[in-house]
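The chain contents come next:
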Amino acid sequence: MSEPLIDIRRLVKYYPVRGGVFRRHVADVKAVDGVDLAIQRGECLGLVGESGCGKTTLGKTLLRLHEATSGRIYYNQPAPQVEEVERLLASERDGDRAAAWARLKDMDITRLGRSNLRKLRQRMNIVFQDPSNSLNPRMLIRDIVAEPLVAQHLIKARDVEKKVLDLLHVVGMGAGHLKRYPHEFSGGQRQRIAIARALATSPEFILMDEPTSALDVSVQAQILNLLKNLQRDFHLTYLFVTHHLLVVKYTSDRIAVMYLGKIVELARTAEIFQRSLHPYTKALLSAIPIPDPDSKRERIILSGDVPNPVNPPKACRFHPRCPFVQERCREMEPLLEDAGSGHAVACHRWREL
Amino acid sequence: MQKLIETKNLFTDFNTFEGVVKALNGVGLVVNEGETYGLVGESGCGKSVAVRSLMRIVQAPGRITEGKVLIFFRAEDRSRGIDILRRSEAYMTSIRGDSISMIFQEACTSLNPVLSIGFQVGESFHFHRRAQMLEETIRDLDEELGRGGFFLARGWKVLSRALFARELGALKEYEGAIDRIDHELYRLEEAGSGEPLRRKGALQRRRDRLGEKSVLAEIARRVPGFRRYRRRLERTVRRHVVELLRSLGVPNPERIAEGYPHELSGGMQQRIVIAIALACHPVLLIADEPTSNLDVTIQAQIVELIKSLKQKVISSVLFITHDLGLVAEICDRASVMYAGDIAETASVRELFRQPLHPYTQGLLASVPKLSQAGELATIPGTVPNLIDPPTGCRFHPRCPHAMEVCKGVKPPTIEHSPGHWVACYLYSDGKK
Ligand SMILES: Nc1ncnc2c1ncn2[C@@H]1O[C@H](COP(=O)(O)OP(=O)(O)OP(=O)(O)O)[C@@H](O)[C@H]1O
Ligand SMILES: Nc1ncnc2c1ncn2[C@@H]1O[C@H](COP(=O)(O)OP(=O)(O)OP(=O)(O)O)[C@@H](O)[C@H]1O
Ligand code: SF4
Ligand SMILES: [Mg+2]
Ligand SMILES: [Mg+2]
């Protein structure tokens, strides 16, 4: 297997809940609660899960649009070094741990200084869910696409136009669109513009936060094809966040399933669809409506609602809704364990089901 | 098959600053008795406007400019149907309450945040099934008093009978008054705005006053011992509310009924909205994207719920969605809409097996599937602007088969094979 581009270790992100007259800190929304995940160079990793399970939070913490509460995010670090630092961190001796902390300053996204962070931002980018909110309505398309380049002084003024035009061509638009405003475009076109902008600094990594869920079916297909071709042509690495399983099936190499702030299953895409192990993944899969009137499926209907992330269920977080729940699921938290051929699952009963 | 409701050649326009949005362009659709009928299409193609026109609740700048909406479930005329666009607003009110119920898109905003769930669902029982509630209360009371010894029983029986008669009478009178006011309001609206606005305001106020001064309060003032009776009525209603919520799979319905909307998750709120829509036992339930903002797992719960209700309670369902998967799963027949036109109508199986209209074909091909390999097929171009829609077939600028005729006039809708209707020149011009 190739080296991870991004290696996430025990990442935690809590949002404070303030209450009372003094707006005191009364509780935490445990949006991301101990995530280990490696994103391989050149892959598209799909991240799926219910609304509110922490997908966007995880993605934004990766780009440091949110500050992590704890945990480490290694970006582009050789595996042996990462392992060594991790070993030092876990060590008993204070000296070892201090040494590890010192080294983390340059390795860990959550601890990078400002100038390093700025450099990093050129290599990582994000495309948001709703294209109409993420583009400044008062700027011309030309300026919107060029902004990241100009802001970081990556380009001379006389080259801007040509560069922007190149980028627009990449996403299937052209010179006629340069001097227009976002509201003059359809949703699909705006999403193309947002993608062109994300590509401007030639990033290695792009976070796609539900890039097609605001779009129509016929337009969604255009964008998905485009994203796939771009990945191939520019060797991009994607983290593709969505709640639509068929969309990630089409775009992703591997899929990570998230439930209430934790990764519960991770495997290659085909594997997830053929041999899903976690009961939650099984329920998700069986709930996808299939556009074929003759398909007959056993459907797993989950009872109950998504629980509150302020006060998540103890032990296995899925247990109140799980059809296969047993005593130990209520008592002990299942850890993410290897189920063979790169397939990982966090469930006590995966062997039996 | 018996038709339940049908629209014929329906046109609805919105007068806006930028121009006239021609949202419906001669829509014809039929919902039969006992079926689940799907209306699919992309955002802005006019699905919501179509069903709002059908219930005559198009919002402000919108106007139905042409067409008919026929209903076939009223005893008055089951063969030819009744054109509800030519009926009074009062008539519509009775239809909307008792026969057709609608779950709106963004349903959760239709719950009132300051009223308890029990109250909001109960209102629907009070309003639409008043007579049944009264009868049940009287029956309960009778039964209970019968057990309480002869003398007591007789006194109460006489009193409760009297109460019942009075209240039913008052109810009728009250409804009559509302009907008359509504009718006048409607005629005023028809006549246009301007001077009558003042009278319109006065009428509205009178109506509000009537609504405030509920019949119950009125009787309570006159009849001693009525309070107790009234509590009974509330109890009957609450019993029905809890039963209904339980049948919808709401856990712990007694407690939820005491609670308020903001305490519930999206899926639960959606169920409450469904409960309110079902309380009046509609003949037709219109569900406008009831699951679009929900997660797949919650969506699956709601879809199962609607399916099972369909078997037990409601006759027909008109289901609006942009998710073709859902249509395949729950509908018997479906129509595909494009830019204000019905492009194709068929049984769901036929629609998925043998789509005729190029738009339907494109739509089906561009949905990611479980067995997807290679590129997704796409429909080039984008959804048109309805202020200045393309001439002829509104799909022609994006259609891979477009011909010269397609740019001229709108293609007629023809029955290509029994029950399979399509509006496309590929089929009506003697080709293929
Ligand atoms: N800025 C914030 N302050 C407090 N809580 C937040 C904040 N942002 C998100 N949350 C909470 O954190 C949890 C995770 O949110 P997040 O947006 O990451 O979910 P998501 O998986 O992206 O959901 P969706 O599919 O709806 O986008 C939610 O319970 C949300 O209410
Ligand atoms: N109040 C209004 N004023 C002006 N135009 C309107 C109004 N309501 C709807 N329209 C227009 O009518 C057309 C049809 O809208 P409609 O709400 O029926 O779409 P829809 O098919 O329900 O889409 P969605 O799937 O997004 O709900 C749209 O082009 C819309 O812009
Ligand atoms: S009528 Fe013409 S343009 Fe319209 S769908 Fe048929 S072939 Fe295409
Ligand atoms: Mg999100
Ligand atoms: Mg709508």
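For the structure itself, look to the data block above.
These numbers were taken from a predicted model, which means no experiment stands behind them.

Brief notes about the overall build of chain B
Broken down by element type, chain B carries 15 helices and twelve strands. Summarising the internal contacts of chain B: among those between residues at least 6 apart in sequence, 66% fall at separations of at least 24.

Side note on the site of ligand 1
All names here are of chain A. Taken together, 13 residues surround ligand 1, and among them Ser51, Gly52, Lys55, Thr56 and Thr57 come closest. Within the side chain of Ser51, one N or O atom sits 2.6 Å away from an oxygen atom of ligand 1. A distance of 2.8 Å separates an oxygen atom of ligand 1 from a polar side-chain atom of Lys55. When isolated, ligand 1 has an accessible area of 640 Å², and the protein chains bury 64% of it. Mapped by element, the contributors of at least two residues to the shell around ligand 1 are β2 (24-40) and α1 (55-62). Looking at the shell around ligand 1 element by element, the count peaks at three residues for α1. Looking at side-chain class alone, the shell around ligand 1 contains five nonpolar, five polar and three charged residues.

Focus on the interface of chain B and chain A
At the junction of the two partners, chain B supplies 43 residues and chain A supplies 37 residues. Between chain B and chain A, roughly 3400 Å² of surface is buried when both sides are summed, and carbon and sulfur atoms account for 58% of that area. Considering only the surface of chain B that becomes buried against chain A, Thr297(B), Pro368(B) and Leu370(B) emerge as the three largest contributors, covering 18% of it. At the surface where chain B touches chain A, the tally comes to three salt bridges. One salt bridge connects Arg353(B) with Asp292(A), and the closest N-O pair in it is separated by 3.0 Å. For the interface between chain B and chain A, the tally reads twelve residue pairs in polar contact (both at pLDDT 80 or more). Listed by contribution, the elements that provide at least two residues to the side of chain B that touches chain A are α11 (296-312), α12 (324-330), α13 (348-353) and α14 (358-366) of chain B. Element by element, the count of residues in the side of chain B that touches chain A is highest for α11(B), at eight residues.

Looking at the nonpolar core
Leu39(B), Ile286(B) and Leu318(B) are the most contacted members of the largest nonpolar core, which has 106 residues in total. Here this core gathers at least three residues from each of two domains, domain 1 (1-114 + 266-432) and domain 2 (117-259) of chain B. Once you skip the residues sitting within four places of it in the chain, Leu39(B) turns out to touch Leu29(B), Lys47(B), Ala50(B), Leu318(B), Phe319(B), Ile320(B), Thr321(B), Ser335(B), Met337(B) and Ile342(B). Val127(A), Ile144(A), Leu167(A) and Leu230(A) belong to the second largest nonpolar core, which has 65 residues in total.

Thoughts on the pairing of strand β8 (residues 254-259) of chain A
Residue and element names in this part refer to chain A. Of all six residues in β8, six are buried, a share of seventy percent or more. Side-chain alternation along β8 places Arg254, Ala256 and Met258 on one buried face and Ile255, Val257 and Tyr259 on a second face that is also buried. As defined by bridge partners, strand β3 (residues 44-48) adjoins β8 across four bridges and the pair is classed as parallel. Bridge pairing in β8 links Val48 to Val257. Sheet topology note: the β8/strand β9 (residues 262-268) ladder contains six bridges and is antiparallel. By the bridge assignment, Ile255 is partnered in β9 with Ala267. Here β8 folds back onto β9, and the loop between the two strands holds two residues, one of which, Leu260, carries a positive phi near 45 degrees.

Here we look at unusual backbone geometry
Residues and elements named next belong to chain A. Not every positive phi belongs to a glycine, and Leu260 is a case in point at roughly 45 degrees. Position of Leu260 among the secondary structure elements: in the loop between β8 and β9. Of note, Ala315 is a non-glycine position whose phi angle comes to about 55 degrees, a positive value. One can find Ala315 in the loop between α12 (279-287) and α13 (327-331). Under the relative-accessibility criterion, Ala315 is labelled buried at 14%.

Quick notes on the rules
- Residues numbered from 1 in each chain as written.
- Chains lettered and ligands numbered in written order.
- Predicted model: local features only at pLDDT ≥ 70, side-chain atom pairs only at ≥ 80, totals over all residues.
- Heavy atoms only, no water.
- Helix = DSSP H or I, 4+ residues; strand = E, 2+ residues; numbered from the N terminus.
- Contact = heavy atoms within 4.5 Å.
- Near = heavy atom within 4 Å.
- Polar contact = N/O pair within 3.5 Å; in protein donor to acceptor, adjacent residues only side chain to side chain.
- Areas by Shrake-Rupley, 256 points an atom, 1.4 Å probe, with all protein chains shown as cover.
- Nonpolar A, V, L, I, M, F, W, Y, C, P; charged D, E, K, R; others polar.
- Buried area = accessible area lost by both parts, 1.4 Å probe.
- Salt bridge = Lys/Arg side-chain N within 4 Å of Asp/Glu carboxyl O.
- Core = buried A, V, L, I, M, F, W, Y, C linked by side-chain atoms within 4.5 Å.
- Buried < 20%, exposed > 50% of the residue type's maximum accessible area, 1.4 Å probe, protein only.
- Domains from an automatic or database assignment.
- Pairing = 2+ DSSP bridges.

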